[in-house]
Amino acid sequence: MPTADPVTAPASARPIADADQSTVAALRRLLPFVRPALPRLVAGMFSALGASLAALAIPRVLQRMVDGPLAAGAREHDAGALWGAIAVVLALGLAEAGLVLARRNLVMLPGTRVEADLRMALFRHLQDLPVAFHDRWAGGQLLSRSMSDLGLLRRWLVFGLLQLVVSCVTVLVGVGLLAATTGWLGVVYLVGAVPVTVIAFRFSRRYRAIARRSQDQAGDLATTVEESVHGIRVLKAFGRGRDALASFTGQAERLRSTELAKARAQAQVNVALTLIPELTLAVCLVLGALLAHDGALSVGALTAFFATAAVINGPVVDLGMTLSMTFNARTAVDRLFDVLSTANPLTDPTDPIEPADPRGHVRLRDVTFQYDDAVRPVLEHVDLDLPAGTTTALVGLTGSGKSTLAMLIPRLYDVTGGAVEIDGVDVRRMRRADVRRAVAVAFEDPTLFSTSVRENVLLGVDDALPDDVKQERLAQALDVAQAHFATRLPHGVDTRVGEEGLSLSGGQRQRLALARAIAARPRVLVLDDPLSALDVATEEAVTARLRQALTGATTLVIAHRPSTVALADRVAVLRDGRVSAVGTHAELLATDPHYRYVISALEDDAAQHGVGALDDPAPPTDMGAESGLHDDEATGARL
Ligand SMILES: Nc1ncnc2c1ncn2[C@@H]1O[C@H](COP(=O)(O)OP(=O)(O)OP(=O)(O)O)[C@@H](O)[C@H]1O
């Protein structure tokens, strides 16, 4: 039978790594997170146990009352003899209620604490995991793990776990009491526990598989919702809303039928767990009546037997629910640890090295790189030297590996062969924080966070810097990136840009992302086609300002437009995963046929999109400002 591909299959179709682990072993992995909350949880458990024992003690008092004062009172018409026993039952009832309340108060706080700690640990780990992990994992799966799975765990911790322990103790103590005080009657009751145990065991096997399927399908559904909301413009523009709905409906139906299967399994076990104890009680009633009739059992003992059996029956009937909660929690733990136990191969070295002469010299030495799931390397034996303070344009046909190469410099991926060096030190020998401080990146597809323009642009700036320095950096970066529109937003640079900056145009977002890279004042600036969404005039204005601003930083700019090449001192040509030539634009035009081909392809593309080629006359720079003004008006209207 073909197995599901762990990379491409939806989560609900992937093999389950921890399927064979026992539920106790699986849940034990929570211990480090639960440990700080243990004192309150244990206190809560003792309260619950106390409440349960108080409930079990009531039948004992009843037995004494029936066999003692009640029998004597009936003979002597002395109702007053009952008052002592009634007072004890009342006290036990009040104690039980008080202990239940104490249990609730004790476990509520640690439950929410553990949930919050787990959520933070998960988020921290997700932030730490490399880009390669996020390439493989769907957002909805991570979202459902951090929200609904953790909610399930909290409910199990504050209710299911205590209920399970208390139920087990109640049943064991109760059955022990029955066996000790009512002899054969207790033994018959005990025999009824055998089918209950077998059914519970079978249910556990069946339910675990369904619970996992349901939680994975819920994650896949969340992914679909996330993608459809994210891509709503594309879906609407292409009139594919109905298809999206059809695909969503299919997934929702699958989840519904899994939920139904879950509910059916639960209902079946509930019927069995209700029926068997009731049938056992019926048999015990007949047997007990015979024993009482023969004088082998007192009426008080028989009354106590049924009162105790009533206390035990509650947890037995609830066992189906308690077990389902436990298996849901186990599935949640498995799904959580699918992520938490994913090791990060991109770690800090144990003996990090800091470059002795940090000037921004970047060197790729014999670099080979292959994506995890790819069949062949994207880059092979790449050698590229970016001397400190120079600007190099990286040019190549689409899919030649330019963005991949750019991502190796800030160590977003690790090379599979060779090395990337910054100032003579292999980036794998440096602290990741030092590498990321040295290198700033502006991606073609800019991501803005739903915070203010100021926070977005100052993302890479040291928080400890004085406010006036930060303000100056912000102003300069916005100026270089020609993002003056930001100062004219309704609240200036403190305007919150919408989720992922969607209330801004593509060009505006790109300029803010560029400003973010510039404001970080890195030694090395990697610009992955940062001007692709700008109109010709704005691109010219940004290019002119960038030329001045880039002096000092080593810059690698990926060029998809001939005009972006104009920024560079030299050009490196990427072809079939290798750097095939390096030189000035003029040199390469004269000597490298592949470069001529690439440039003419870029020019054709630029002409089709109405973007200026290298030798186009530059439009006056004030047109850029003017175009910025149009942007502002449009943005003002949008916001
Ligand atoms: N995360 C990934 N996992 C697997 N393969 C990938 C991944 N990202 C890119 N690739 C593949 O690597 C190759 C190079 O992609 P890359 O984005 O680096 O090219 P590029 O030169 O920047 O292309 P473009 O000019 O179109 O942006 C492509 O074949 C692409 O399919």
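- In the nomenclature of an unreviewed UniProt entry, the chain corresponds to ATP-binding cassette subfamily B protein from the organism Xylanimonas ulmi.
- As recorded by UniProt, the Sequence similarities (unreviewed entry) comment attached to the chain reads in full: "Belongs to the ABC transporter superfamily. Siderophore-Fe(3+) uptake transporter (SIUT) (TC 3.A.1.21) family."
- As stated in UniProt under Subcellular location (unreviewed entry), the record for the chain gives "Cell inner membrane".

## A few points about the sheet that holds strand S8 (residues 554-558)
Okay, step 1: Taken together, six strands build an open sheet; the order of strands is S6-S7-S8-S3-S9-S10 and the sheet is mixed. What marks the edges here is a single partner per strand, and that holds for strand S6 (439-442) and strand S10 (578-583). Put simply, the sheet's adjacent strands are angled 20° from each other on average, direction ignored.
Okay, step 2: In terms of strand pairing, strand S9 (residues 570-575) meets S10 through five bridges, oriented antiparallel. Bridge pairing links Arg575 to Arg578 in S10.
Okay, step 3: Against the sheet, helix H16 (residues 506-519) engages S6 and strand S7 (524-528), with an angle of about 175° to S6.

## Observations regarding helix H11 (residues 299-340)
Okay, step 1: The end-to-end C-alpha separation of H11 is 59 Å, in line with the 62 Å expected for 42 residues at 1.5 Å each.
Okay, step 2: Roughly 50° is the biggest bend found in H11, and it falls at Leu319.

## A short note on unusual backbone geometry
Okay, step 1: Of note in the backbone geometry, Asp366 takes a positive phi value of approximately 50° without being a glycine.
Okay, step 2: By the secondary structure assignment, Asp366 is in strand S1 (residues 362-369).
Okay, step 3: Backbone geometry places Arg521, a non-glycine residue, at a positive phi of 45°.
Okay, step 4: Along the chain, Arg521 falls in the loop between H16 and S7.

What counts and how
- The numbers attached to residues start from 1 for each chain and follow its sequence in the written order.
- With pLDDT at 70 or above as the cut-off, local features in this predicted model cover only qualifying residues; side-chain atom pairs require 80 or more to be listed or tallied, and sums for whole chains, interfaces and linings still use all residues.
- UniProt positions are given in the numbering used here, feature names are shortened, and annotations may be inferred rather than shown by experiment.
- Should DSSP find at least two bridges between two strands, the strands are taken to pair.
- A run of H or I in DSSP becomes a helix once it reaches four residues, and a run of E becomes a strand once it reaches two; helices and strands are each numbered from the N terminus.
- For helices, the axis comes from a line fit to the C-alpha atoms of the stretch in contact; other axes are also lines fit to C-alpha atoms, and the angle between any two N-to-C directions lies between 0 and 180 degrees.
- Think of it this way: build a C-beta for each residue from its backbone, and any pair within 7 Å is a contact.
- The span one expects for a helix is its residue count, reduced by one, times 1.5 Å.
- Two axes define the bend at a residue: one fitted to the seven residues ending there, one fitted to the seven starting there, and the bend is the angle between them.

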